Protein chains: 2
Amino acid sequence: MSSQPPHAALLIPGPIEFDDAVLQSMSHYSESHVGAPFVNTFGEVLSMLRKLFQTTDAASQPIVLSGSGTLGWDQVAANLTEPGDEALVLHTGYFADSFADCFETYGVKATQLKAPIGDRPQLDEVEKALKETKYKVLTVTHVDTSTGVLSELKALSELVHKVSPETLVVVDGVCSVGCEEIRFDDWGLDVVLTASQKAIGCPAGLSILMVSGRAIEVFKARKTRPTSYFGSWKNWLPIMQNYEAKKPSYFATPSPQLIHALHTSLSQILSRPLEQRFSDHKAASQKIKKAIGDLGLKQLAPKPENQANGMTAIYLPEGIAPPQVLPSLLKKGVIFAGGLHKEIATKYIRFGHMGVSVTDPKRDDIDRALKALKEGLTEVGYKA
Amino acid sequence: MSSQPPHAALLIPGPIEFDDAVLQSMSHYSESHVGAPFVNTFGEVLSMLRKLFQTTDAASQPIVLSGSGTLGWDQVAANLTEPGDEALVLHTGYFADSFADCFETYGVKATQLKAPIGDRPQLDEVEKALKETKYKVLTVTHVDTSTGVLSELKALSELVHKVSPETLVVVDGVCSVGCEEIRFDDWGLDVVLTASQKAIGCPAGLSILMVSGRAIEVFKARKTRPTSYFGSWKNWLPIMQNYEAKKPSYFATPSPQLIHALHTSLSQILSRPLEQRFSDHKAASQKIKKAIGDLGLKQLAPKPENQANGMTAIYLPEGIAPPQVLPSLLKKGVIFAGGLHKEIATKYIRFGHMGVSVTDPKRDDIDRALKALKEGLTEVGYKA
């Protein structure tokens, strides 16, 4: 039995529902951020992140800071690019616009390669762009939370390494790490950034990154000082190395409670083979996507290979808007999210299916959500 | 009775011991960051912060971001200064060095006005400096966590307004907000920045600021774009205004659990007159400082008017170093911090006395700590 009070199941694309033990870890009694027990916990968290990202390369460095997913963009732009550099930003929705805006804050020219809504830039378009301009970094949103579009990392990274080998491959994995397969070493990725509150299943408040040795070399070779203080790797790299070596170290105070919760969620994730976690999410997603189709509804991402496994963005029937359906779902104990992509925000809703809602067999969140969606649409006059 | 497992009392200058109800709020079930219940909670937190900082000026703006106290410096330097500007940094220990480093990251010349260890820059020295150079901002560490030195804000701010009225008065209140009197409006302050884990009594993970209408005007009048993304007020000001008006809004995902814990701690603080809270801390501090003196020990800050009320930095007897005393205190169930000021780190220890350890009459943390200190020193050969 859950120790949480009864509440509507949060099935948005993050924050997600949390396991009881993770939430209980949030209440951990106060510890010194430089005392041995906490330093040990933080060190273990960093080691576990290597496993989650599937990297065994000692030159890679996991980074965990108090902040949000957005701080991950900031770290990339502030540390890996310098004013005048160029970034190629693959656009699959809202979050590429924001990442581009972040680059421009740092004097970096961001060129967006846009796909039609629900699709992703094709490899031949990426190849053409990489051949025309020398980009310091290429960024890709692994799963765009605004559209539910999944990008293909392996082939994309191979292409970058072949066509423009000096370009760093940066992955926004905020809505993918923990539910989509990511092989950091094998796929030759340079940065994967994420946040705690999505498929990792820990409350919001942590910016989490894996950075390759190659990216760290690029950082070390920069000619100018990063013009950001809180996210500067000049300050953080030695601290993370020390924490991982279980040596106390201080730049800014971490949140012991969030780190404990992350320790619990990572321990749970790694207690089973990662492949099984990814296939659980895939199976739940396919079941959901079939049910959506059976209801006569369309997804923003029509092609199966472009569809995320941890969320589904669903067009509402003609004439029905999110403010009609969402309150009806809430009454049935389920919280979905409205649209976010600015051009079509009023036309669709988003259903997040990550973490315990998928992997905990004692929960019926997904079945309840599908039933609620069907009944809710019927109540507002939709006939499937 | 506490619901927390038995553990050594954390009496460092932050994080501090937390109230049970605050820690339980950390385990709040998952909520949407744009859903009405959470937006309402966040809005109340911002309104309560106005009371804590004693501002009724509608032009002031409270800001709460996921991050740490350090992110507050970042927000000040990134948003209120531009490359080429000058900052006068009053130095009472470690944290002024870091704030100066933060300014320099943003191309701002930081001039430090240093006092001998344990003292603070005098008003006539500040006046002289302000007359010689036009500073965009003056920063003062209200309580320097490395030395326990308390700065005098009221007279200092009056001086700045008189001698250099365009200079913004920025207060690092990380170790003072919640235990030292701060009258934001009456004293004419422009920014007070702090963090959640000190006298506010909420776990670490939140950067908290109060910004004056005058500072916001200076921000709006800047000629260049802030070169920081995550901490940019361009992104955050509208979000905070919306949260306070209880309208959903999104730039980066906040931590609902930390915001709930902050809501609980602020509700507890504001349930009593603030004056009483400040006088409780003063009384506990005087008792501690008297006991320290009775033990024959000296403080880093010898002058009573320079002594912080929420912490005490204590010189160890000649020949005794922190690594001899601290483990002995830990065995007696009390955690103190080692020295931090780089020039004398091995010669002193720090005792934090903030929040529930002072205000909760059911706790005996302070008496236990004084007893442990006396016995611990005797064990290592000290004769008072």
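Since the structure is predicted, the reported quantities are computational estimates derived from the model, not experimental observations. (Residues numbered from 1 in each chain as written. Chains lettered and ligands numbered in written order. Predicted model: local features only at pLDDT ≥ 70, side-chain atom pairs only at ≥ 80, totals over all residues. Heavy atoms only, no water.)

## So, the overall build of chain A
Then comes step 1: The number of helices and strands found in chain A is 13 helices and 14 strands.
Then comes step 2: The C-alpha radius of gyration computed for chain A amounts to 21 Å, which stays within 12% of the reference 21 Å derived for 384 residues, consistent with globular compactness.
Then comes step 3: With respect to the three principal axes, the spread of C-alpha positions in chain A is 60 × 55 × 35 Å.
Then comes step 4: The proportion of buried residues among the 384 residues of chain A is 65%.
Then comes step 5: Across chain A, every contact between residues at least 6 apart in sequence was considered, and the portion connecting residues at least 24 apart equals 71%.
Then comes step 6: Here chain A displays about 13,700 Å² of accessible surface, and carbon together with sulfur accounts for 54% of that area.
Then comes step 7: Of the side chains in chain A, 40 bear a positive and 42 a negative charge, and the two mean positions are spaced by 1 Å. (Helix = DSSP H or I, 4+ residues; strand = E, 2+ residues; numbered from the N terminus. Rg over C-alpha atoms; globule rule 2.2 N^0.38 Å. Buried < 20%, exposed > 50% of the residue type's maximum accessible area, 1.4 Å probe, protein only. Contact = heavy atoms within 4.5 Å. Areas by Shrake-Rupley, 256 points an atom, 1.4 Å probe, with all protein chains shown as cover. Lys, Arg positive; Asp, Glu negative; His and termini not counted. Charge placed at Lys NZ, Arg CZ, Asp CG, Glu CD.)

## A look at the state of the cysteines
Then comes step 1: One pass over the full model with this rule turns up 0 disulfides over all chains.
Then comes step 2: With no disulfide partner, Cys102 of chain A has as its closest neighbouring cysteine sulfur the one in Cys102 of chain B, 17 Å distant.
Then comes step 3: Left unpaired, Cys175 of chain B is separated from the closest cysteine sulfur, that of Cys179 of chain B, by 6.1 Å.
Then comes step 4: For Cys175 of chain B, a relative accessible area of 1% gives the class buried. (Disulfide = S-S within 2.5 Å.)

## Quick notes on the interface of chain A and chain B
Then comes step 1: Residue-level contacts link 55 residues of chain A with 56 residues of chain B.
Then comes step 2: Contact with chain B buries surface across chain A, with Tyr29, Ser30 and Tyr229 of chain A losing the most and accounting together for 16% of the total.
Then comes step 3: Across the chain A-chain B interface, the total number found is 2 salt bridges.
Then comes step 4: For Asp101 of chain B, the salt bridge identified is with Arg225 of chain A, shortest N-O distance 2.7 Å.
Then comes step 5: Our count for the chain A to chain B interface comes out at 19 residue pairs in polar contact (both at pLDDT 80 or more).
Then comes step 6: For the side of chain A that touches chain B, the secondary-structure elements that each account for two or more residues are α1 (20-25), α3 (69-80), α4 (94-105) and α9 (256-270) of chain A.
Then comes step 7: Counting residues per element, the side of chain A that touches chain B draws most heavily on α4 of chain A, which supplies 7 residues.
Then comes step 8: Its residues assigned to classes, the side of chain A that touches chain B shows 26 nonpolar, 22 polar and 7 charged. (Buried area = accessible area lost by both parts, 1.4 Å probe. Salt bridge = Lys/Arg side-chain N within 4 Å of Asp/Glu carboxyl O. Polar contact = N/O pair within 3.5 Å; in protein donor to acceptor, adjacent residues only side chain to side chain. Nonpolar A, V, L, I, M, F, W, Y, C, P; charged D, E, K, R; others polar.)

## Brief notes about the environment of Gly148 of chain A
Residues and elements named next belong to chain A.
Then comes step 1: Secondary-structure assignment places Gly148 in the loop between β6 (143-144) and β7 (149-150).
Then comes step 2: With relative accessibility at 4%, the residue Gly148 sits in the buried group.
Then comes step 3: Between the C-alpha atom of Gly148 and that of Leu274, which follows or precedes it by 126 residues, the distance is 22 Å.
Then comes step 4: What Gly148 contacts, discounting residues up to four positions off in sequence, is Ala301, Asn306, Gln307, Ala308, Met311 and Ala313.

## Quick look at empty space enclosed by the protein
Then comes step 1: Tallying each qualifying case throughout the model produces 8 cavities of 30 Å³ or more.
Then comes step 2: By volume, the largest cavity amounts to about 90 Å³.
Then comes step 3: Lining the largest cavity are 16 residues, and of these Val64, Leu65, Ser66, Trp236 and Pro254 of chain B sit closest to its centre.
Then comes step 4: Of all the secondary structure elements, the ones that give two or more residues to the lining of the largest cavity are β2 (61-66) and α8 (233-244) of chain B.
Then comes step 5: Of all the elements, α8 of chain B adds the most residues to the lining of the largest cavity, at 4 residues.
Then comes step 6: By residue class, the composition of the lining of the largest cavity is 12 nonpolar, 4 polar and no charged.
Then comes step 7: Estimated volume of the second largest cavity: approximately 60 Å³.
Then comes step 8: Those elements giving two or more residues to the lining of the second largest cavity turn out to be β2 (61-66) and α8 (233-244) of chain A.
Then comes step 9: When grouped by side-chain class, the residues that make up the lining of the second largest cavity number 11 nonpolar, 3 polar and no charged. (1 Å grid on protein atoms, 1.4 Å probe; cavity = no way out; pocket = protein on both sides within 12 Å on 5 of 7 lines; lining within 4 Å. Points joined across faces, edges and corners; volume = space filled by probe spheres on them.)

## Regarding the domain arrangement of chain A
Residue and element names in this part refer to chain A.
Then comes step 1: One can read the domain layout of chain A as domain 1 (9-17 + 273-379) and domain 2 (20-270).
Then comes step 2: The C-alpha-based centres of domain 1 and domain 2 are spaced at 26 Å.
Then comes step 3: Facing the 30 residues of domain 1 at the interface are 34 residues of domain 2.
Then comes step 4: Roughly 2,500 Å² of surface becomes buried between domain 1 and domain 2 when both sides are summed, with 59% attributable to carbon and sulfur atoms.
Then comes step 5: Of all residues in domain 1, Leu274, Phe278 and Asn306 bury the most surface against domain 2, accounting for 23% of the area lost on that side.
Then comes step 6: On the surface where domain 1 and domain 2 come into contact, there are 2 salt bridges.
Then comes step 7: Where Lys342 meets Asp97, a salt bridge forms, and the shortest distance between an N and an O atom there is 3.6 Å.
Then comes step 8: Counting the contacts that link domain 1 with domain 2 gives 13 residue pairs in polar contact (both at pLDDT 80 or more).
Then comes step 9: For the side of domain 1 that touches domain 2, the secondary structure elements donating two or more residues are α10 (274-294), β11 (311-315) and β14 (348-352).
Then comes step 10: Counting residues per element, the side of domain 1 that touches domain 2 draws most heavily on α10, which supplies 5 residues. (Domains from an automatic or database assignment.)

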